[in-house]
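# Chain and residue survey
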Amino acid sequence: MKPTLYLFFIAFLFAGVLQAQRTLQGTVTGKATGEPLVGAVVQVPGTNQATITDAKGAFTLSVGADVKTLRISNVGYLTLQLSLDAQSSLQIQLEPGIEMDNVVVVGSRNQSRTKTDSPVPVDIIPIAQVVNEVGQVDLNQILTFIAPSFQSSRQAIADGTDHVDPAQLRGLGPDQVLVLVNGKRRHQSALVNVNGTVNRGTVGTDLNAIPANAIERIEILRDGAAAQYGSDAIAGVINIVLKQQTGVLTGNFSAGQYMTSYDRDYVVSSGYAQKVSVTDGQTIQGALNYGVKVSKKGFLNLTGEYTSRGETNRGGTYSGAVFPNVGAFNRDDSIMGARRLDRNDFDMRIGNSRVKGGGVMYNFSYALSDVWQLYAFGGFNAKKGNAAGFYRYPSGVPASVRNAVFAVYPNGFLPEINSDVTDLSTAIGVRGKVGKWNADFSNTYGRNVFDFTITNSVNYTQTFVTANWQREFDAGGLKFSQNTINADLSRKFDVKQGLNVAFGAEYRMDQFGIRAGEESSYRNYNTASGAAGGAQVFPGFLPTNEGNNNRSNVSLYVDLEQDFSKKFMVAGALRFENYSDFGSTLNYKVATRYKISDNFTIRASTSTGFRAPSQQQKFYAKTNTLFISTSAGLIPTESGTFTNESTPAKILGIPTLKQETSLSYTFGFTAKMLQRKLELSLDAYQIDINDRIVLTNNFSDGGDTVLRNQLRAANATTANFFTNAIDTRARGLEAVVSYNVKVGKKSQLKFTWAGTFIDNSVMKDSYGKPIIKASPVLVRTGQVGNYFNREDQSRIEVANPQNKTSLMVNFRSGKFSAMTRAVRFGKVTYLDPTINPNAPATWPINLLTNQRETLDQTFNPHTIVDLTLSYDIMKGVTLTAGGNNIFDVYQDRHTHSNIFSLGRFVYSRRVQQFGFNGAYYFMRVRFQL
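Presented here is an overview of the structure given in this document. In this numbering scheme, every chain counts its residues from 1 along its sequence in written order. Two thresholds apply to this predicted model, a pLDDT of at least 70 for residue-level local features and 80 or more for giving and counting side-chain atom pairs, whereas whole-chain, interface and lining totals are computed over all residues. With hydrogens and water excluded, all non-hydrogen atoms of the structure serve as input to the side-chain values.

This part is about the overall build of the protein chain. Numbering of helices and strands runs from the N terminus; a helix is a DSSP stretch of H or I covering at least four residues, while a strand is a stretch of E covering at least two. The helix and strand inventory of the protein chain stands at 13 helices and 47 strands. In this analysis, two residues are considered to be in contact whenever any of their non-hydrogen atoms come within 4.5 Å of each other. If you take every contact in the protein chain between residues at least 6 apart in sequence, the share linking residues at least 24 apart comes to 71%. Throughout, the Shrake-Rupley method with a 1.4 Å probe supplies accessible areas, and for residues the shown protein chains are the sole cover considered. For the protein chain, the accessible area works out to roughly 35600 Å², and carbon and sulfur atoms hold 56% of it.

Both site types are read off a 1 Å grid over the protein atoms alone. A 1.4 Å probe that fits but cannot get out defines a cavity, while an open set with protein on both sides within 12 Å along at least five of seven lines defines a pocket; lining residues have an atom within 4 Å of a point. Grid points are joined across faces, edges and corners, and a volume is the space filled by probe spheres set on the points. Summed over the entire model, instances satisfying the criterion amount to 19 cavities of 30 Å³ or more. Approximately 450 Å³ is the volume found for the largest cavity. The wall of the largest cavity is formed by 29 residues, among which Gln141, Phe145, Arg154, Tyr258 and Asn917 lie closest to the centre. For the lining of the largest cavity, the elements supplying multiple residues, two or more each, are helix H3 (139-146) and strand S16 (272-294). Three categories are distinguished: nonpolar for Ala, Val, Leu, Ile, Met, Phe, Trp, Tyr, Cys and Pro, charged for Asp, Glu, Lys and Arg, and polar for the others, with Gly belonging to the last. Broken down by class, the residue content of the lining of the largest cavity amounts to 10 nonpolar, 16 polar and 3 charged. Forming the walls of the second largest cavity are 21 residues, and the residues nearest its centre are Asp138, Asn208, Thr307, Val355 and Lys383. Those elements that place two or more of their residues in the lining of the second largest cavity are strand S17 (298-309), strand S22 (354-367) and strand S23 (373-388). The leading source of residues in the lining of the second largest cavity is S22, at 4 residues.

Two aromatic rings, taken as a pair, are described by how far apart their centres are and by the angle between their planes. Under the pairing criterion, centres of Phe, Tyr and Trp rings, with the six-membered ring standing for Trp, must be within 6.5 Å; the plane angle then separates stacked pairs below 30 degrees from edge-to-face pairs above 60, leaving the rest tilted. This structure, assessed with the given rule, holds 30 aromatic pairs. An angle of 20 degrees between the planes, with centres 4.7 Å apart, marks the rings of Tyr579 and Phe582 as stacked. Taking the relative accessible area as the measure of exposure, Phe582 reaches 19% and is therefore buried. Ring centres of Phe699 and Tyr787 lie 6.2 Å apart, and the angle between their planes is 45 degrees; on these two criteria the pair is classed as tilted. Residue Phe699 is found in the loop between strand S35 (678-695) and helix H9 (705-713), and its partner Tyr787 is found in helix H11 (residues 784-787); the two are separated by 88 residues along the sequence. Each residue is assigned to one of three classes by its accessible area relative to the maximum for its type, calculated with a 1.4 Å probe on protein chains only: buried under 20%, partly exposed between the two thresholds, exposed over 50%.

Among the structural elements, Thr696 can be located in the loop between S35 and H9. Overall, Thr696 belongs to the buried group, its relative accessible area being 0%. The residues contacting Thr696, other than those within four sequence positions of it, are Arg200, Asn720, Phe721, Thr723, Asn786 and Tyr787.

For Arg170, which is not glycine, the phi torsion reads 60 degrees and is therefore positive. Mapped onto the secondary structure, Arg170 falls in the loop between strand S10 (168-169) and strand S11 (177-181). Residue classification places Arg170 among the buried residues on the basis of a relative accessible area of 1%. The residue Asp888 is not glycine, and still its phi comes out positive at about 55 degrees. Structurally, Asp888 can be placed in the loop between strand S46 (877-884) and helix H13 (898-901).

Turning our attention to the nonpolar core. Membership of the largest hydrophobic core comes to 40 residues, with the highest contact counts inside it found for Leu143, Ile218 and Ile240. Top element by residues in this core is H3. It accounts for 4 residues. Non-local contacts of Leu143, meaning those with residues more than four positions away in its chain, are made with Ile125, Ile127, Phe150, Leu207 and Ile218. What is meant by a nonpolar core is a set of buried Ala, Val, Leu, Ile, Met, Phe, Trp, Tyr and Cys residues, joined one to another through side-chain atoms within 4.5 Å. Core analysis: the next-biggest nonpolar cluster, separate from the first, contains 27 residues, Ala190, Leu191, Ala475 and Ile693 among them.

Our next topic: helix H12 (residues 790-797). Residues that lie three or four places apart on an α-helix share one face, since the helix turns once every 3.6 residues. Most of H12 is tucked away: 8 of the 8 residues are buried. Listing the buried residues of H12 in full gives Arg790, Glu791, Asp792, Gln793, Ser794, Arg795, Ile796 and Glu797. Where H12 is buried, its residues contact S35, strand S37 (722-743), strand S38 (747-762), H11 and strand S41 (828-830). Nitrogen and oxygen atoms within 3.5 Å of one another constitute a polar contact, given that in protein one can donate a hydrogen and the other can accept it, and given that sequence-neighbouring residues count only through two side-chain atoms. Capping the start of H12 is the job of one residue whose side-chain oxygen sits 3.0 Å from the backbone nitrogen of Glu791: Asn789.

Following the sequence through the fold, Gln176 ends up in the loop between S10 and S11. Polar contacts involving the side chain of Gln176 include one to the main-chain amide nitrogen of Gly173, which spans 2.7 Å. Within polar-contact distance, the side chain of Gln176 engages the side chain of Glu660 at 3.1 Å. Setting aside residues up to four positions removed in sequence, Gln176 forms contacts with Asp232, Ala233, Ile234, Ala235, Gly236, Arg611, Glu660, Ile689 and Arg692.

Spatial relationships are all this shows, so hold off on functional conclusions.
In structure tokens:
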């Protein structure tokens, strides 16, 4: 941290301007029921002066003598603008309903800007309400099924990615969306997604580390915002707003499991796929939230949450060779020793990983004076995960070590990857007034640590040096930390209908580190044996990989919003950033909004953006076991990931990483009809991204002796790298329709339809081939196809749903409420990495289709239906029962490259549609005291 910024921060920490004041007291109740409303927000519009009602609906708020208006809001009620007179005691009633014109924090630094006034599209999701209506328990899954532009599916057989779900916005990468908490930048995960699933080569933010029960609402800005918030905000911004309520204890306890049947095996004799009934994935979650007033000047809100999620398995029966020199395993007919083997002896685990963990979150505020407020928030989360890799069949064990390995693992073994993930975050700051300027000075720190332990495994080469070889290995780990200092000032001037001026500075430090594993996790004890060294499934990080790498950047921004009239406004932002490793960048944004009438508004924006290469992408280095599809089947390959500054990178001509840059456009409108009960928004966008960073595929040494020796030193036979390889274009349409209607005097009905329609593509030449920015060395050696292949192309273009729509209906009448939701996930496509997508004449007949196997596959659209029913069994206690995917829908069976999977993969892990776990049923009890 630079000394000048320290002085800047300290200089204003206790500054304040005292004003004449008065104290307001009152209660907030529901107009229909007369019951007190807990957690209602009472706020002076356009300021940070606010308080929360307690368990009796009461509040106390000190305001300046010149304050003429209060704003009162609560989830499930219409927001009220209340004009003040001389009285200090207030009795306030709120009308039931779903408020549309919510004040937003993200996308504008005007403190009174509402969602429908915003010149850019913003979704507001009341998580505090939603979490009680749905069966999903973690944030990624909740958002996937409620926000069409958001997509996240759990991965399988993907190393560390099994434990942290990557998430996308608008079909772009997890690292192209910025996550904020209470308006402050959230740190990323230490994990790099390097295996062959969707989002390969990216680094995201672990949203599941934030307890859903700690959140009041989530704001999703669907527009480029790098000029406002800095790096990563290419696809948009997700802002998580924490709870502030006091005087009430809420609890949430749920339990559920998958109860499903799926087509596990194709039975030749009967000619159909045999269904198997499964009950697994048992999940329990408990959460408590409580807020207390701190004197009469502040609050402290605390949340604790624990989740235990069992593993699922939707694998098939292996049909390949199991034992050396025996041939294919014929179900229950093979005998090993004196015991007849069942097919379950060779089962893989293809499904959700097993995860247990929990966390705490806090949100704190305290008035230092009439105009200055101290605030802090943060949390700690720890979870342990367990996932499996590919089964090591006896036939695949190297001949030189079979006797030693079979003595312990006579039927082969299923190696497991165990994760230990800890996440820490804390922010502290002050906000208030410097003269007539609103000021906010803060420091935000975050840290994520991801450690790996490998069990039920073996280092084949260790069997040469000891009879007591290990089955469990400390494979090392990854860590990432970030510290951000912000100084933000804003002021509204009386120019035309109002000019809001904001400016500020930011100083950020990033650090990424690798911890080496124990020696036996990575060492090759006998290089002449021909066996791979290191722990099977996940060799440990090498000592040469170990170390910490730092980066810092300084940014300055200015943000203007001019309301020329009540109908017309223009906003503009300019941001300069300087990074210690790659230099400077300057980005802009211009947005406008015009109200054709009180009920119809058009809006548009254009902006440039950038994403700095993450420290993880710059310095991640490791050897991984990858299973590569060949004509001989899936072959394990030891692939080394090297940095761009390594010797292998220089030999192959791989350039150093630089920032991605973007240019985006958005145009849309909002409309209100039927006495403002119906709201409609439609937005079209285009985002061009240049120099997009990808993780290449595997390069051979090409006969280069130096490169071959470098690979051997890393226990690798091939090499891959992060590099700026391609340019892409994302286009889409996003629509939201919401309709509220009263049914009788005490019932409320709401319909919400939302949809996103995506067309993402890699920029191509005049012949329709992707333009790949490969080095001359790779062109000369004929390895351009390994730089970026057809499967990489499909991950960007078609491996995610190209469209997703949802229809949700909420109904409440007295003590009873219900929610039903249908989400349609559009088609996805897998493109085989080979150049020729057509099957060769020698390719085998697929038993499911009775046609010759093809390499590509398109998966049809499917609709998932959820249903929940809730009843208030007594005051403050609600019982909920329901199901996710109640019609037990699965994505299409995996048929592409089926000879390679040899029956093990019933459903593809190479696309990301909606997962493959089937129907899930749950019960939940919620109380409020």
